[in-house]
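As a plain string of letters, each chain reads:
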Amino acid sequence: KQGSRLGSILGAHGALYAIRRALYPPLERNAINDDYLIPVRIRAQGFRSIYEPKAVCREESQTNVEGELRRRVRITAGNYQQIWHLRSLLWPPRGWLGFQFLSHKVLRTLLPLWLLGAFFASWGEPAVFYRTAALGQTAFYGLGLTAPAFQRLGLRSKLLTIPFYFLLVNVAGVLGVVELLRPRPSHLWKRPEEC
């Protein structure tokens, strides 16, 4: 809602969105997340994308870690691909649209790589501040790694859920790069029952 109020939203929900037929842009044959590429390209033509709260769709979410990780890897591979396909939005500067793309897509997509760099850089510095940061990161990631074991035992903890999901999303961010660079990528979307 706020994105619509601020001028336009960038992406659409893949399960349900509508566009004017005349505005449909051509897509690359290997496009992964067309529900982002299409609305952004329409937006780059000067049109708006708006949120309609009355348009409701229900879809089943992944209920297991493996399925969620596959989904996140596919989405992240698509995000890296989008940065490449839509790089013209970054230079020359494109005003509000360029800022939205930079802040909502580029910086968020690159975050896992920066976190990985920060983790190893923290361990490489002898100063107390950096060692404390390294220990804090290790403890946080360690909590995330223990969450699946607790879930298998039937125990759920909000204390573990946040670091677990944070870790899952950022591991998927790194694996998304690997997936995109594979000679035969396997990032094609599959319906939940096929996963």
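Before any of the text, the structure's been laid out above.
(A) Representation of the overall build of the chain in the model. Scanning the chain from N- to C-terminus turns up six helices and zero strands. Counting from the amino terminus, the chain carries its helices and strands in the arrangement α-α-α-α-α-α. Considering only C-alpha atoms, the chain reaches an extent of 55 × 40 × 40 Å along its principal axes. Taking all 195 residues of the chain together, 31% fall into the buried category. In the chain, of all internal contacts separated by at least 6 residues, the share reaching a separation of at least 24 is 62%. Element-wise, carbon and sulfur atoms account for 63% of the exposed surface of the chain, whose accessible area totals about 13,300 Å². For the chain, the distance from the average position of its 26 positive side-chain charges to the average position of its 12 negative side-chain charges is 6 Å.

(B) Representation of the layout of surface pockets in the model. Of the pockets and cavities examined, the second largest pocket occupies roughly 690 Å³. Surrounding the second largest pocket, 24 residues form its lining, Ala12, Leu16, Tyr17, Ala18 and Ile50 being those nearest its centre.

(C) Looking closely at the nonpolar core. Counting residues in each nonpolar core, the largest one holds ten residues, listed as Leu10, Tyr36, Leu37, Val40, Ile83, Leu86, Leu89, Leu97, Phe101 and Val106. Listed by contribution, the elements that provide at least two residues to this core are α2 (34-44) and α4 (95-124). Discounting residues that sit within four places of it in the chain, Leu89 has contacts with Val40, Ala44, Arg94, Leu97, Gly98 and Phe101.

(D) Representation of the environment of Ala18 in the model. Assignment of secondary structure puts Ala18 in the loop between α1 (2-5) and α2. For the pair Ala18 and Ser49, spaced 31 residues apart in the sequence, the C-alpha separation amounts to 9.7 Å.

(E) Just the environment of Phe166, in detail. Tracing the backbone through its elements, the reader meets Phe166 in helix α6 (residues 158-181). Note on Phe166: relative accessible area 30%, which makes it partly exposed. Each residue touching Phe166, except ones within four places of it in the same chain, is listed here: Leu115, Phe140 and Tyr141.

(F) Fine view of the side chain of Thr109. One can find Thr109 in helix α4. Using a relative accessible area of 6% as the deciding quantity, one classes Thr109 as buried. Reaching out from Thr109, the side chain makes a polar contact with the backbone oxygen of Lys105 at a distance of 2.6 Å. When sequence neighbours within four positions are dropped, the list of residues in contact with Thr109 reads Asn79, Tyr80 and Ile83.

Thresholds, definitions, all that
The numbers attached to residues start from 1 for each chain and follow its sequence in the written order. Local features are withheld for residues below a pLDDT of 70 in this predicted model, meaning they are given only at 70 or higher, and side-chain atom pairs are given and counted only at 80 or more; totals for whole chains, interfaces and linings count all residues. Side-chain calculation: all heavy atoms of the structure are included, whereas hydrogens and water are not. Helix and strand definitions here come from DSSP, where helices need a minimum of 4 consecutive H or I residues and strands a minimum of 2 consecutive E residues; each element is numbered from the N-terminal end. Only protein chains enter the accessibility calculation, which uses a 1.4 Å probe; a residue is then buried when its area is under 20% of its type maximum, exposed when over 50%, and partly exposed in between. We call two residues in contact when some of their heavy atoms are within 4.5 Å. Under the convention used here, a 1.4 Å probe and the Shrake-Rupley method define accessible areas, while residue burial counts only the protein chains that appear. The charge count includes Lys and Arg as positive and Asp and Glu as negative, but it does not include His or the ends of the chains. Taken as the charge centre is NZ of Lys, CZ of Arg, CG of Asp or CD of Glu, depending on the residue. Here a cavity is any set of points on a 1 Å grid over the protein atoms alone where a 1.4 Å probe fits but cannot get out, and a pocket is any open set with protein on both sides within 12 Å along at least 5 of 7 lines; a residue lines the site when it has an atom within 4 Å of a point. Grid points are joined across faces, edges and corners, and a volume is the space filled by probe spheres set on the points. In plain words, nonpolar cores are sets of buried Ala, Val, Leu, Ile, Met, Phe, Trp, Tyr and Cys residues tied together by side-chain atoms within 4.5 Å. For the purposes of these results, a polar contact is taken to be a pair of N or O atoms within 3.5 Å, where, inside protein, one atom must be able to donate a hydrogen and its partner to accept one; residues adjacent in sequence count only when each atom of the pair is a side-chain atom.

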